[in-house]
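Coordinate inspection notes
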Protein chains: 2
Amino acid sequence: MLVVTRSALLKNKDNKNNKTVKTLKIIQSEVESLNKIALSVDCVIFGFDENKLKVLLIRSDLKEYKGRLSLLGDLLSPNDELDKAAYKILKKRTGLDDVYLEQVQTFGKVNRHPGGRVITVAYYSLINIMHHKLKIRENELDWHDVSGVKNLAFDHQEIFETCYQRLQKRVQEHPLGFSLLPSKFSLRDLQNLYEAILGIKLDRRNFRKKFFAMDFLVDLNEIETNVPHRPGKLYSFDYDKYEQKKKKWSGIDF
Amino acid sequence: MLVVTRSALLKNKDNKNNKTVKTLKIIQSEVESLNKIALSVDCVIFGFDENKLKVLLIRSDLKEYKGRLSLLGDLLSPNDELDKAAYKILKKRTGLDDVYLEQVQTFGKVNRHPGGRVITVAYYSLINIMHHKLKIRENELDWHDVSGVKNLAFDHQEIFETCYQRLQKRVQEHPLGFSLLPSKFSLRDLQNLYEAILGIKLDRRNFRKKFFAMDFLVDLNEIETNVPHRPGKLYSFDYDKYEQKKKKWSGIDF
DNA sequence: TTAGCAAAGTGTATATTTTACACTATCTTA
DNA sequence: TAAGATAGTGTAAAATATACACTTTGCTAA
């Protein structure tokens, strides 16, 4: 991106060409009266793989942040809803469009972006990492363990941390975690996921007790395969039942 | 400053004669397509008076919403931080600058504002209603019981409800309520406040037990005056102690 | 084939937290 | 000085959260 300052435009003021002058005046007034503020959407895309919570990052192409990793984002198109802009980012980067998405906070420090005043609305998203593995590992785009995320470009470190904290809080209030898992999973998978998100160890028996009490798990009468030990039963998540109970839902505690 | 994508400019690289005009046209189109989004900040200002939770509203001056009430807001100045913009609204409308302020959510439906695409960052604020009573009741600006807030202009009803829900959640996690009270208050005042915010009745003994256990109340060794019954003791809130304990704070439940 | 391994699956006792509830004390007003 | 009104106080029961160990099952390798 290139930054055009008002003074650069004003230099052309004496141009004889009427059209140009007129154009300049329009631009000048647009710039002055409308806003010199650009709006973007950034998305912290979480995935879960090899029992680790991951986040999708890309290398910044701005020279100011050469080589640093950054979140995935884009400028907002004037005709797009905010959520739509976030979905577009997800579609573009992962090919998925059925994902969990939540707006977290808007970041607008005056100097957060070297290209000018850019205010960004931050979202986080939960996706099933398996469903799009082929789409990435190209273009400097890849998954990173959340535990190793540091020194991101722009103010993206702060955005990442805010979103991660929000996720940690949310999974204790609502059973969102399922968006990160395959449709069939064992209770061990589920516990591994929660341990990865929260960064703590959980008691296995109490964990099972809690999830069965919630009554959102459907016993598929299937078992794991290719495990070198007794296989666990497989479950799926009953989204409909959850939607019904959602209103009265007061939370889970770990 | 205006942000223009470089690729748009490069398209005209070879042009010699009309370079300026073409470039400007591109800039203009960028302005139109990229940047026709205005940014505002809206603030749900809460107060507490006569044992009711109140919100500060103003009559809309837009003809589309003639006579309807709306939240207090303003366009964001390009050189202001987001929080600063919210503080400015508070200063302008209440004269106060030491208030509790929290960003809640950004609302950006394409048609939410009849004047064009305006995206607004919503805050809520807690103020001590006594401190500025003289500043308002002018200019169609006044306090309204939260229970009676309906049919606000724009999408302000939705914004109000989102902010009110956030407040209800927050006061159960952190002792924010004190911002709404005078510096000296009785436990009955405090309970009235929480009952007003949450919209429920609370058990008096359990309420007292909970707040004393928190250990943020300072016994001032003073009592209420001008009450037609046994006066209650007065307390103040120990902000410093709260700040210290904040990190480990896990919440209050009612 | 079978012994050993590794994780699945299961229940109970204790501690902690939350809830429900009623009487005495103190100040004001008549 | 009696009556009215709210302040102030403690305990028992219920619900919830925690801590903890043995048996079962399927897989693997000798």
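Residues numbered from 1 in each chain as written. Chains lettered and ligands numbered in written order. Predicted model: local features only at pLDDT ≥ 70, side-chain atom pairs only at ≥ 80, totals over all residues. Heavy atoms only, no water.

Focus on the protein's contact with DNA strand C
Taken together, 19 residues are adjacent to DNA strand C, and Arg204(A), Arg208(A), Lys233(A), Arg230(B) and Pro231(B) come closest. Between a base oxygen of DNA strand C and a side-chain N or O atom of Lys209(B), the distance comes to 3.3 Å. Where the surface near DNA strand C is concerned, the elements lending two or more residues are helix H6 (204–214) of chain A together with helix H6 (204–214) of chain B. Residue contributions to the surface near DNA strand C peak at four residues, all from H6(A). Class assignment for the residues of the surface near DNA strand C results in three nonpolar, four polar and twelve charged. (Near = heavy atom within 4 Å. Polar contact = N/O pair within 3.5 Å; in protein donor to acceptor, adjacent residues only side chain to side chain. Helix = DSSP H or I, 4+ residues; strand = E, 2+ residues; numbered from the N terminus. Nonpolar A, V, L, I, M, F, W, Y, C, P; charged D, E, K, R; others polar.)

Notes on the pairing of strand E3 (residues 52–59) of chain A
Residue and element names in this part refer to chain A. In terms of burial, E3 is largely enclosed, as six of its eight residues are buried. Of the strand pairs in this sheet, strand E2 (residues 37–49) and E3 are connected by four bridges, and their pairing is antiparallel. Looking at E3, one finds that glycine 47 is bridged to lysine 54. Here E2 hands over to E3 after two residues, with glutamate 50 in that stretch at a positive phi of 50°. Pairing geometry for E3 and strand E8 (residues 141–145), over five bridges, is antiparallel. Looking at the pairing, leucine 56 lines up with tryptophan 143 of E8. Bridge analysis of E3 against strand E4 (residues 69–70) gives two bridges, and the strand direction is antiparallel. (Buried < 20%, exposed > 50% of the residue type's maximum accessible area, 1.4 Å probe, protein only. Pairing = 2+ DSSP bridges.)

A closer look at the packing of helix H4 (residues 156–170) of chain B against helix H5 (residues 187–198) of chain B
Residues and elements named next belong to chain B. At a closest axis distance of 9 Å, the pairing of H4 and H5 adopts a crossing angle of 135°. Compared by their axis directions, H4 and H5 come out oblique. Crossing of H4 against H5: the hand is left-handed. Taking contact as the criterion, the partners of Tyr164, Leu167 and Gln168 in H4 are, on H5, Ala196, Ile197 and Leu198. Split by residue class, the contact of H4 with H5 holds five nonpolar, one polar and no charged. (Axes fitted to C-alpha atoms, helices over the stretch in contact; angles between N-to-C directions. Parallel < 35°, antiparallel > 145°, perpendicular 65-115°, else oblique. Left-handed = near helix turned anticlockwise from the far one by under 90°. Contact = heavy atoms within 4.5 Å.)

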